[in-house]
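Here's the letter readout for the chains.
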Amino acid sequence: MTPSSSAESLASVPALIAGLEQFGYIASRRIATALYMAVKLQKPILVEGSAGVGKTELALSTAALLGLPLIRMQCYEGLDESKALYEWKYGKQLLYTQILKDRMGASLADAEDMDAAMVRLHGMGDLFFSEPFLEPRPLMKALQEDDGCVLLIDEIDKSDEAFEAFLLEVLSAYQVSIPELGVLKAKTPPIVFLTSNNVRDLGDALKRRCLHLHIPLPDAALEKRIVASRVPGIEANLTSQLVSFVQSLRTLDLRKSPSISETVDWARALILLNADELEPEVVRDSLNVLLKFEQDIVAIEPQIAELIRRPLA
Amino acid sequence: MQTALEDFFRALRAADIRVSPAEAIDAHRTVATVGFAERELLKDALCATLAKTAGEVSLFDDIFETFFDRQAFVVPPQDDPEADPMASLPPEAAESELARLLMAGDASGLAQAMEAAAERAQVSQIRLSTQRSRLTRKLLEEMGLAEIEQIIANARRLEGEGASTAAARLETARKALTDEAGAYVNRQHELYAAGSGRALREDLLARKALNADGGIDPVDLAMMQALVKRMAKRLADRYSRRRNVAWTGHLDVRRTLRKSMGYGGMPFDIVFKTKRVDKPSIVAICDVSKSVAAAAQFLLTFLYSLNEVVDRMEAFAFSGRMISVNALLDDHPVETAILEVLKQIGFQQTDYGRSLEDFCEQHLDQLDRHTTVIFLGDARSNYADPRLDLLATIQKRSRALIWLNPEPESYWSQGDSVMNRYERFCHVAKTCNTLGQLERIIEDVLRTYIPH
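Residues numbered from 1 in each chain as written. Chains lettered and ligands numbered in written order. Predicted model: local features only at pLDDT ≥ 70, side-chain atom pairs only at ≥ 80, totals over all residues.

A. Summary view of the overall build of chain A. What chain A contains, in helices and strands, is 16 helices and nine strands. Compactness check: chain A gives a C-alpha radius of gyration of 26 Å against a globular reference of 20 Å for 313 residues, more than 25% above the reference. Projected onto its principal axes, the C-alpha coordinates of chain A cover approximately 95 × 45 × 35 Å. Going through the 313 residues of chain A one by one, you find that 33% of them count as buried. Of all intrachain contacts in chain A linking residues separated by at least 6 positions in sequence, the fraction that spans at least 24 positions is 75%. (Helix = DSSP H or I, 4+ residues; strand = E, 2+ residues; numbered from the N terminus. Rg over C-alpha atoms; globule rule 2.2 N^0.38 Å. Buried ≥ 20, exposed ≤ 12 C-beta atoms within 10 Å, placed from the backbone. Contact = placed C-beta atoms within 7 Å.)

See below:
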């Protein structure tokens, strides 16, 4: 996609919806508005919602739409600056000092006294703390992209509070301070997505710096469009049947109710099984695609026939 | 528009949505970007900037709808649009702007006049539901209702068909105006004051005595359950820290040296120290005799809502004998589990000594040096042997022993209470008879200020 057309799709909310649809992402108006505001206000966007509603997919589709590189950082317990921002290639530094040991020894040998050797050593000092020994990690890479990029910080709720605090500078000013090199500032601020599964509540300071977007489970009409766009070649009849089946599953008390990604997977599975319409037999065989807990499957199995017959409310 | 947005922020704050100055600035920038022309666009854009959780999003939607809800005035348009509406009214009516608006049925003009009057009458400062009628009257006065009444009275005195129809018409319009003013004030009350009433009530409930005579009102009970869950959620958020905290900067010399042996003593792999954060594991032992049952119920609800931050949670209940209630709590919701417990062991003569015996015989292996034991009871053992030695064993085996007693401290040595004798074996012994006290004590447990 050329820059001009990416600028076009950012012109208004409907254009953004249409643009995302080209890349197979059916965005509701609220999602598109939040994205639009994020680009206009240059603020990161915090996407919340249960697993599988398309949080990560939104970032991927946005990157594809704008033709920008996507830099992804997966958060996990114990993630720290050295994994997120930059790291000195310690091993390489050590290896080089070992290799250069004799060379350095030789050049220092003819120094008259300790002071002179010291001065000479200072001259070499920054040798091992320069760009070639710097290992950029996702955040730094994102700031170094001169044409901008989409930065996806996935599952921020899994990281520590300390890391969350560290992110504040990056997210509000799009810059980081590196003691050895100085302040690094992005030429073009990246479009930042943070996703959260609500494992823990995020701090107010982080929330304040972000726009907030909660993606709920979709209604039947939207879900049908999503399935149709993600699973090309599926028949309309089967789509509406399986969507209404999933929608009625969501009204039941399950440990994990199926979200969009499960619906899509199930639709694909049904196509592979050559099913033209939902039949109890097929549903029973493929239920494990939709439900991820044994007790959920056990609870639903006797009700399958009834759930298929239930008309879409 | 600045003031409209500021009022909107105030309405959001009244509903417990935090709007900091920085967020207010963002909202202004948002409005500058999207403009006011498209209502839905404005709503979605403001929602993205201001609402920060899923719950706040739905609150925001409601408040936005109420706040920007401007019902059109229902004033019947006049029959002949060309005619001067003021023609048949007495001459002083010509000076009244409001009379002109009412007679012409100018809905948007009336709405504007009401907004302006509301600002003068400071309707948005409403705090209590009892202020509604006074503010409605003040709003109407500001709009100039007195003049209208004067005009109607004068018109009635005038001779002629035209004057009396005009008076009747003005009268109908005046009624509609009064209704609309009432509705307007109601909306303002809903926006700015409904939340503060709820907060006041919750504050009272948090201080309500749990062992009050006659038990807890069922109406309050539901609200208190919700309150307990929210308190627990708040604590869980605060203490759901990670278990392994990277402790950067502290080199683990021993492990680094060990790893460097493979490289001929060159420390290629350096290992930093990490610090383990212990999650508390809790054993709760609750007296479920009549005077303590309510408190026990809330304690269990509280502890079970904390499952994110608590590693392990065992619950026991006793009156005459002690039983484990873990299985019961798995099968029933916490709210009703206590009733099931009462069915099994309720109405026995409370016996602390024998219950402690039961615990020490069957469940002593549940205690280790990580366990915090929370004992809830009034320590009234009906003059039976209190078995202090067993409590001492429990104390020795556990990390901390906390005793919560619903009775105030001055009762602890009176009658058959052996609290002052038990107290010696407890790290902490506190009165706990309200939800507020309960929250504070549990927070202390999570912060593990208790000495080893």
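B. Geometry of the overall build of chain B. A tally of regular secondary structure across chain B gives 19 helices and eight strands. Here chain B, with 452 residues, has 34% of them falling under the buried criterion. Contacts spanning at least 24 positions in sequence make up 74% of the contacts within chain B whose residues lie at least 6 apart.

C. Representation of the environment of Leu139(B). All names here are of chain B. For Leu139, the position within the fold is in helix H7 (residues 132-143). Taking the number of C-beta atoms within 10 Å as the measure of exposure, Leu139 has 24 and is therefore buried. In this structure Leu139 touches Ala117, Ala118, Ala121, Val123, Ala181 and Val185, once residues within four positions along its chain are discounted.

D. Representation of the domain arrangement of chain A in the model. On domain assignment, one finds that chain A holds domain 1 (3-83 + 137-214), domain 2 (86-134) and domain 3 (220-309). Computed over C-alpha atoms only, the centres of domain 2 of chain A and domain 3 of chain A are separated by 64 Å. (Domains from an automatic or database assignment.)

E. Region of the structure containing the environment of Met266(B). Tracing the chain through its elements places Met266(B) in the loop between helix H12 (253-260) and strand E2 (272-276). In this structure the C-alpha to C-alpha distance between Met266(B) and Gly353(B), which are 87 residues apart in sequence, comes to 64 Å.

F. Broad picture of the confidence of the model for chain B. Here chain B averages 81 in pLDDT, and 89% of its residues register 70 or above. Interface confidence in the predicted complex, given as ipTM, is 0.80; pTM for the same model is 0.72. (pLDDT = per-residue confidence, 0-100.)

G. Here's a closer look at the sheet that holds strand E6 (residues 371-376) of chain B. Residues and elements named next belong to chain B. Ordered in space as E5-E4-E3-E6-E7-E8, the six strands form an open sheet in which the pairing is mixed. Of all strands in the sheet, those with a lone pairing partner are strand E5 (322-324) and strand E8 (428-431), marking the two edges. The average undirected angle you get between the axes of adjacent strands in this sheet is 20°. By the bridge criterion, five bridges tie E6 to strand E7 (residues 400-405) in an arrangement that is parallel. Considered in E7, the bridge of Thr372 is made with Ala400. Sheet strands in contact with helix H13 (residues 293-304) are strand E3 (281-287), strand E4 (312-318) and E6, and its direction is about 165° off that of E3. (Pairing = 2+ DSSP bridges. Axes fitted to C-alpha atoms, helices over the stretch in contact; angles between N-to-C directions.)

H. Examining the packing of helix H6 (residues 107-121) of chain B against H7(B) more closely. Residue and element names in this part refer to chain B. Two elements in contact, H6 and H7, have axes separated by 8 Å at closest approach and are oriented at 120°. Taken together, the axes of H6 and H7 lie oblique to each other. Remark: the crossing between H6 and H7 carries right-handed chirality. Where H6 abuts H7, its residues Ala113, Met114, Ala117, Ala118, Arg120 and Ala121 lie against Leu135, Lys138, Leu139, Glu142 and Met143. (Parallel < 35°, antiparallel > 145°, perpendicular 65-115°, else oblique. Left-handed = near helix turned anticlockwise from the far one by under 90°.)

I. Up close: the pairing of strand E7 (residues 182-185) of chain A. Residue and element names in this part refer to chain A. Bridging between strand E6 (residues 175-178) and E7 involves four bridges; their strand directions are antiparallel. What sits directly across from Val176, in E7, is Leu184. Once E6 ends, the chain turns through three residues before running back antiparallel as E7.

J. Seen up close, the packing of helix H2 (residues 13-22) of chain A against helix H3 (residues 29-41) of chain A. Residues and elements named next belong to chain A. Across the interface, H2 lies against H3 with an axial gap of 9 Å and an inter-helix angle of 110°. It follows from the interaxial angle that H2 and H3 lie roughly perpendicular. Across the interface between the two elements, Val13, Leu16, Ile17 and Leu20 from H2 touch Arg29, Ala32, Thr33, Leu35 and Tyr36 from H3. Considering only residue class, the contact of H2 with H3 consists of seven nonpolar, one polar and one charged. (Nonpolar A, V, L, I, M, F, W, Y, C, P; charged D, E, K, R; others polar.)

K. Structural view of the domain arrangement of chain B. The domain boundaries assigned to chain B delineate domain 1 (2-67), domain 2 (91-204) and domain 3 (281-448). Averaged C-alpha coordinates put domain 1 of chain B and domain 3 of chain B at centres separated by 47 Å.

L. Highlighting the nonpolar core. Judged by nonpolar contacts, the single largest core of 91 residues is most densely connected at Ile45(A) and Phe193(A). With seven residues, H3(A) is the largest single contributor of residues to this core. Setting aside its immediate chain neighbours within four residues, Phe193(A) contacts Ile45(A), Val47(A), Leu58(A), Ala59(A), Val150(A), Leu152(A) and Ile153(A). Within the second largest apolar cluster, 65 residues are counted, among which are Leu300(B), Leu303(B), Val334(B) and Ala429(B). (Core = buried A, V, L, I, M, F, W, Y, C linked by C-beta atoms within 7 Å.)

M. Structural context of unusual backbone geometry. Residues and elements named next belong to chain B. Even without a glycine there, the phi angle at Gln122 is positive, about 55°. Residue classification places Gln122 among the exposed residues on the basis of 12 C-beta atoms within 10 Å. Phi is positive for Asn382, which is not a glycine, with a value near 55°. Its place among the elements puts Asn382 in the loop between E6 and helix H17 (388-397).

N. Spatial organisation of the pairing of E4(B). Residue and element names in this part refer to chain B. Here seven bridges tie E3 to E4, and the two strands are oriented parallel to one another. Residue pairing for E4: Val283 is matched across the bridge by Glu314. Both E4 and E5 contribute to a ladder of three bridges, which runs antiparallel. Pairing of Ala317 across the sheet is with Ile323, part of E5. Connecting E4 to the next strand, E5, in antiparallel fashion are three residues.

O. Looking closely at the environment of Gln225(B). Residue and element names in this part refer to chain B. Position of Gln225 among the secondary structure elements: in helix H11 (residues 218-239). When the C-alpha atoms of Gln225 and Asp287 are compared, they prove to be 20 Å apart, with 62 residues separating the residues in sequence. Excluding anything up to four places from it in sequence, Gln225 contacts Thr301 and Glu335.

P. Representation of the sheet that holds strand E5 (residues 150-154) of chain A in the model. All names here are of chain A. Taken together, five strands build an open sheet; the order of strands is E2-E5-E8-E1-E9 and the sheet is parallel. This sheet does not close on itself; its edge strands, each paired only once, are strand E2 (70-74) and strand E9 (211-214). Neighbour-to-neighbour, the strand axes of this sheet turn through a mean angle of 20°, independent of strand direction. Two elements, E5 and strand E8 (residues 191-196), share four bridges in a ladder whose sense is parallel. In the strand pairing of E8, Leu151 is matched with Val192.

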